[in-house]
Amino acid sequence: MATTTPEERAQAAKMRSGESGGGGAGLMLDPTRFPPVEIEMGTQKYVLIKLLIEPTQYLVRGNCDAEYHKDAAHATVQRLQQDSIGYDVLGGGRIQADAKAIKIFGFSYGFPWNGSARHDIAAELIKWAYPDAAVETS
């Protein structure tokens, strides 16, 4: 299991937020480019990203191969920056997922939560994306 290094935390801090290229009111993202949920079956690190647009939208990103939480966020953050869409990575944790059950828990040193963990937001999005799975948080 990886230990978060000062370098990883510094890299994550640079990725934590991005500014919008303008406007944002009434912007609806292309769900094929930015699906609300991208997770894998298995145990993975995940991040919750809040988009700085109106109405507020969130993205859940998980990756079983991510060594650090920043690795789970990286591809989506790059696309958001390319499209000049403002965002904040609110925090992270872990997801254990299979076809029947999805558990959301834990925290990230690279993207620590500001206050309480918001696994509840991730859970609502995951319930929508995986309606046949039992979703729980802890």
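Structure first, text after, so check above.
This section reports on the structure supplied with the text. (Residues numbered from 1 in each chain as written. Predicted model: local features only at pLDDT ≥ 70, side-chain atom pairs only at ≥ 80, totals over all residues. Heavy atoms only, no water.)

## Examining the nonpolar core
Within soluble globular proteins, side chains that are nonpolar generally end up buried alongside one another.
In step 1: Counting residues in each nonpolar core, the largest one holds 17 residues, and the members touching the most others are Ile39, Tyr46, Val60, Ile95, Ile102, Ile104 and Ile126.
In step 2: Looking at this core, the elements with two or more residues in it are strand E3 (42-51), strand E5 (87-97), strand E6 (101-105) and helix H3 (119-129).
In step 3: If one sorts the elements of this core by residue count, H3 sits on top with five residues.
In step 4: Look past the residues within four positions of Ile102 in its chain and what remains in contact with it is Ile39, Ile95, Gln96, Ala97, Ile126, Tyr130, Ala133, Ala134, Val135 and Glu136. (Core = buried A, V, L, I, M, F, W, Y, C linked by side-chain atoms within 4.5 Å. Buried < 20%, exposed > 50% of the residue type's maximum accessible area, 1.4 Å probe, protein only. Helix = DSSP H or I, 4+ residues; strand = E, 2+ residues; numbered from the N terminus. Contact = heavy atoms within 4.5 Å.)

## Topic: the pattern of salt bridges
In step 1: Using the criterion set out here, one finds six salt bridges in the structure.
In step 2: Ionic pairing is found between Glu124 and Lys127, a salt bridge with its closest N-O pair at 3.5 Å. Residue Glu124 and its partner Lys127 are located together in helix H3, separated by three residues, close to a single helical turn.
In step 3: Here the salt bridges do not stand alone but share partners, grouping Glu38, Arg61 and Arg79 into one network. (Salt bridge = Lys/Arg side-chain N within 4 Å of Asp/Glu carboxyl O.)

## So, the environment of Thr43
In step 1: Within the secondary structure, Thr43 is located in strand E3.
In step 2: Separated by 37 residues in the primary sequence, Thr43 and Pro6 have C-alpha atoms spaced 24 Å apart.
In step 3: Once residues lying within four places of it in the same chain are set aside, the contact partners of Thr43 are Cys64, Ile95 and Gln96.

## Considerations on unusual backbone geometry
In step 1: With an omega of -5°, the peptide bond between Glu54 and Pro55 qualifies as cis.
In step 2: Residue placement: Pro55 occurs in the loop between E3 and strand E4 (57-63).
In step 3: Unlike most non-glycine residues, Ser84 shows phi in positive territory, near 55°.
In step 4: By the element assignment, Ser84 lies in the loop between helix H2 (69-82) and E5.

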